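Structural overview
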Amino acid sequence: MTCAVSPLRLQELRVPGSAPGRFKRLPLTSRQLRLILSVLPAVLIGAWAASDWDSVRDGTARLASADPWWLLIGVVFTGLCCVSASFIRQGAIPERLPPGQLLASQLAAGAANHVLPAGLGSHAVTLRFLLGRGIPLARATASLALYSLVKPVAKLALILAFLGAFPDTLPVGRLLPDGETVALAAGCVVAVLVAGVVVFKTLRPVRRPLLTFLSTALTDARLLHGRPSRVLALWGGAVALPLCQAATLAAVGASLHVPLPWTHLVFAYLAASATAGAVPAPGGIGPVDAALVFTLVAFGTPMTLATATVIGYRVISGWLPLVPGAVVLSVLVRNKVL
């Protein structure tokens, strides 16, 4: 039995001005789009897990012989990293954010951060969360910039504090780069600054939005630093975040009986992440891990033990939060929080 379609119905399905026989493609509904977005993180994380499966397998095998109580302490510090990030996010914006949703968004942002490089996944999730709370785009992007700025400043302050507190016990001389490396790094910094000036001078359409962004960022920074609660959340969280990350590494090292004191392990993480964190890799995987292994070996840890420690740290700090982070990300998307 055939179903007849009236010419009027066919005319409604055609795109106006299109050739005969061409029909309008029906757009995705908002519900279908939310469903796709809620499933996409799990698919991307699964693909990433398959591509790096050897590291997960080897790390899990080595952790099987580690002290489980120290590993549990590492898991606790990993959870505190999410709390610290939430404090920084709240301290970087004048409006008060709902604490529960903010913490959930940072857990989801951690999962997204392992898919896109240079923190873009985390910033994208946070930006969508802020926009959903009715915060203007200029202020939301300014808060992301402030968040990205205070983290390296706080980490540098911690490194200087460790150098001042333990000047004779930290083998810093083994980590100092040679003259060629310093010259190369300085050249890269100068090149980036010159490129920014050239773009600002030559591309006129970029000037107005850039000046608007800078004005909003400076205004919000002055406003936030006039409120003690925001200053405490912003800078307290910025100091607590790398310390919690370093404590996770130290706990894993203690579980594997690394022959280094906690001060060395914490400083090793701060130094390695500061030097390699600028490389745009998803979740910092790759450059930071290589720098951590190099730093631990320079401090006197055997290569095999240093590698096992870094793999264990990556499993606890990176892989373990992925599953709950992906689930929370999907739930937030489906509930229109993101």
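Look up a bit, the structure's there.
Residues numbered from 1 in each chain as written. Predicted model: local features only at pLDDT ≥ 70, side-chain atom pairs only at ≥ 80, totals over all residues. Heavy atoms only, no water.

Attention shifts here to the overall build of the protein chain. Regarding its fold elements, the protein chain presents 14 helices and 0 strands. For the protein chain, the sequential pattern of α-helices and β-strands runs α-α-α-α-α-α-α-α-α-α-α-α-α-α. In the protein chain, which comprises 338 residues, the share counted as buried stands at 38%. Contacts in the protein chain between residues at least 24 apart in sequence constitute 72% of all its contacts with a sequence separation of at least 6. Surface accessibility of the protein chain: about 18700 Å² in total, with carbon and sulfur atoms responsible for 71%. (Helix = DSSP H or I, 4+ residues; strand = E, 2+ residues; numbered from the N terminus. Buried < 20%, exposed > 50% of the residue type's maximum accessible area, 1.4 Å probe, protein only. Contact = heavy atoms within 4.5 Å. Areas by Shrake-Rupley, 256 points an atom, 1.4 Å probe, with all protein chains shown as cover.)

This paragraph deals with the packing of aromatic side chains. Evaluation of the coordinates by the stated rule reveals 4 aromatic pairs. Ring centres 5.7 Å apart and planes at 45° place the aromatic pair Trp 70 and Trp 262 in the tilted group. Placement of the pair is Trp 70 in helix 4 (residues 68–91) and Trp 262 in helix 11 (residues 262–276), with a sequence separation of 192 residues. On the basis of an interplanar angle of 10° and a centroid distance of 6.4 Å, the ring pair of Phe 267 and Phe 299 is categorised as stacked. A residue pair is termed long-range when its members are at least 10 positions apart, and Phe 267 in helix 11 and Phe 299 in the loop between helix 12 (287–298) and helix 13 (303–319) qualify at 32 residues. Phe 299 carries the same exposure label as Phe 267, and that label is buried. Each residue in the set Phe 162, Phe 267 and Phe 299 is aromatic and connected to the rest through ring pairs, giving one cluster. One Lys or Arg, Arg 89, reaches over the ring of Tyr 147 and ends 3.5 Å from the middle of that ring. (Phe/Tyr/Trp six-rings, centres within 6.5 Å; stacked < 30°, edge-to-face > 60°. Lys NZ or Arg CZ within 6 Å of the ring centre and 35° of its normal.)

What follows concerns the nonpolar core. If you look at the biggest cluster of nonpolar residues, it comprises 32 residues, and the most contacted ones within it are Tyr 269, Leu 270, Leu 292 and Leu 296. Of all elements in the fold, only helix 7 (137–165), helix 10 (228–255), helix 11, helix 12 and helix 13 reach the threshold of two or more residues within this core. Take this core: its biggest share by element is 8 residues, from helix 11. Counting residues in hydrophobic clusters, the runner-up holds 18 residues, among them Ala 108, Leu 130, Leu 329 and Val 333. (Core = buried A, V, L, I, M, F, W, Y, C linked by side-chain atoms within 4.5 Å.)

Further remarks concern the packing of helix 7 against helix 10. Look at helix 7 against helix 10: their axes get within 9 Å of each other, and the N-to-C directions meet at 60°. The orientation of helix 7 with respect to helix 10, classified from their angle, is oblique. Read as a crossing pair, helix 7 and helix 10 show a hand that is right-handed. When helix 7 is examined against helix 10, the residues Leu 146, Tyr 147, Val 150, Lys 151, Val 153, Ala 154, Lys 155 and Leu 158 are found in contact with a partner set consisting of Leu 234, Trp 235, Ala 238, Val 239, Leu 241, Pro 242 and Leu 243. Of the residues that constitute the contact of helix 7 with helix 10, the class distribution is 13 nonpolar, no polar and 2 charged. (Axes fitted to C-alpha atoms, helices over the stretch in contact; angles between N-to-C directions. Parallel < 35°, antiparallel > 145°, perpendicular 65-115°, else oblique. Left-handed = near helix turned anticlockwise from the far one by under 90°. Nonpolar A, V, L, I, M, F, W, Y, C, P; charged D, E, K, R; others polar.)

With respect to the helices and strands, the residue Trp 235 is situated in helix 10. The class for Trp 235 is partly exposed, based on a relative accessible area of 28%. Spatially, the C-alpha atoms of Trp 235 and Ala 154 are 7.2 Å apart, while their sequence positions differ by 81 residues. Setting aside residues no more than four positions away along its own chain, Trp 235 makes contact with Val 150, Val 153, Ala 154 and His 225.

So, about the pattern of salt bridges. Per the counting criterion, the structure on display carries 1 salt bridge. Here Glu 95 ties to Arg 139 by a salt bridge, and the two come within 2.7 Å at their closest N and O atoms. Within this pair, whereas Glu 95 is found in the loop between helix 4 and helix 5 (99–112), its partner Arg 139 is found in helix 7, the two being separated by 44 residues in sequence. (Salt bridge = Lys/Arg side-chain N within 4 Å of Asp/Glu carboxyl O.)

With that settled, the discussion passes to a nonpolar patch on the surface. Among the surface-exposed residues, Trp 69, Leu 72, Val 75, Val 76, Leu 80, Val 83, Phe 87, Leu 103 and Leu 320 lie close enough to one another that they form a single nonpolar patch of about 820 Å² accessible area. Among the elements that take part in the nonpolar patch, helix 4 stands out by supplying 7 residues, more than any other. By secondary structure assignment, the location of Leu 103 is in helix 5. (Patch = residues over 30% accessible without salt bridge, like charges linked within 9 Å, V, L, I, M, F, W, Y side chains within 5 Å.)

Let us now look at the side chain of Thr 78. Turning to its location among the elements, Thr 78 is positioned in helix 4. Under the relative-accessibility criterion, Thr 78 is labelled buried at 13%. Once you skip the residues sitting within four places of it in the chain, Thr 78 turns out to touch Thr 248, Ile 316, Ser 317 and Pro 321.

Time to look at helix 4. Taking 1.5 Å of rise per residue, 24 residues should cover 34 Å, and helix 4 covers 35 Å from first to last C-alpha, within 8% of that figure. Looking at helix 4, one finds that the buried residues are Leu 71, Gly 74, Thr 78, Cys 81, Cys 82, Ser 84, Ala 85, Ser 86, Ile 88, Arg 89, Gln 90 and Gly 91. Where helix 4 begins, the side chain of Asp 67 points an oxygen toward the backbone nitrogen of Trp 69, at a separation of 3.1 Å. (Expected span 1.5 Å × (residues − 1). Polar contact = N/O pair within 3.5 Å; in protein donor to acceptor, adjacent residues only side chain to side chain.)

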